[in-house]
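This is what each chain is made of:
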Amino acid sequence: MTDPHVLPADLPVPTDDGACAHLPGRRWPEYALPGTDGVTHDLLVLPGRTVVYAYPKTARPDQAMPEDWDVIPGARGCTPQSCAFRDHHAELRAAGARVFGLSVQDTAYQREAAARLHLPFPLLSDAAGAVRQELRLPTFQAGGETLLRRVTLIVRDGVIEHVFYPVFPPDRSAQDVLDWLAAHPA
């Protein structure tokens, strides 16, 4: 197995297919999602800025990733992306933003990753697909699962203010958000 913390140099770069063009200005759905912190989070009612980075699936040390994972544009990199948000968490908070990760994995699956990676923010589970369907978030198929494409959303007072899509390289995502927040103070 390859190290999920290291991005291969030859990863295919995802292209902007327009799948997120409809999101800026859209209200966050009225769905509360379970978090790895044991709390159910309703992002629609949160004041100020919230960063939501949607990712396909974190690697688990005891499980193989789907076949051909590294050749699917935008699939590989969930662990480096989560670690980058962890490493920049204090800076993001200082910039006035709270952080959540979002995937379709169930909370138990996510809880393992959150603990192993020492994430200081919750991962949210959209296993039922309610947020994915309501927002029409882009997906792809791998290993028999429908997974979210990597997209980062800045939500302000319940409305999607900015969208990063495609997100590449994933380990730079948190810094890209910080740069955007610095250029667009609340």
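The structure we're discussing is the one just above.
Residues numbered from 1 in each chain as written. Predicted model: local features only at pLDDT ≥ 70, side-chain atom pairs only at ≥ 80, totals over all residues. Heavy atoms only, no water.

A separate point is the sheet that holds strand 3 (residues 49-54). Pairing is mixed in the open sheet, where 5 strands are placed in the order 5-4-3-8-9. The two strands at the open ends of the sheet, each matched to only one other strand, are strand 5 (123-125) and strand 9 (159-164). Direction aside, neighbouring strands of the sheet carry axes that sit 30° apart on average. Where strand 3 meets strand 8 (residues 151-156), 6 bridges bridge the pair, whose relative direction is antiparallel. Each residue of the ladder has a partner; that of Ala-54, found in strand 8, is Val-151. (Pairing = 2+ DSSP bridges. Helix = DSSP H or I, 4+ residues; strand = E, 2+ residues; numbered from the N terminus. Axes fitted to C-alpha atoms, helices over the stretch in contact; angles between N-to-C directions.)

This paragraph deals with the pairing of strand 7 (residues 145-148). As defined by bridge partners, strand 6 (residues 139-142) adjoins strand 7 across 4 bridges and the pair is classed as antiparallel. The residue of strand 7 that forms the bridge with Phe-140 is Leu-147.

Take helix 3 (residues 107-116) next. The complete set of buried residues in helix 3 reads Thr-107, Tyr-109, Gln-110, Ala-113 and Ala-114. For helix 3, the arc enclosing every buried residue in end-on projection is 155°, short of the 170-degree limit, so these residues lie on one face. Facing away from the buried surface of helix 3 by more than 90 degrees, the exposed residues are Ala-108 and Ala-115. Among the structural elements, strand 1 (33-34), strand 4 (97-103) and strand 5 are those in contact with the buried residues of helix 3. Phi turns positive, to about 55°, at His-118, one or two residues after helix 3. (Buried < 20%, exposed > 50% of the residue type's maximum accessible area, 1.4 Å probe, protein only. Arc of directions from axis to C-beta. Contact = heavy atoms within 4.5 Å.)

Pro-166 follows Tyr-165 through a cis peptide bond whose omega is -10°. Tracing the backbone through its elements, the reader meets Pro-166 in the loop between strand 9 and helix 5 (173-183). Following Phe-168, the chain continues to Pro-169 via a peptide bond in cis, the omega torsion being -10°. Counting through the fold element by element, Pro-169 comes out in the loop between strand 9 and helix 5. Even without glycine at this site, His-118 takes up a positive phi of about 55°. Structurally, His-118 can be placed in the loop between helix 3 and strand 5. For Arg-136, which is not glycine, the phi torsion reads 55° and is therefore positive. Along the chain, Arg-136 turns up in the loop between helix 4 (130-135) and strand 6.

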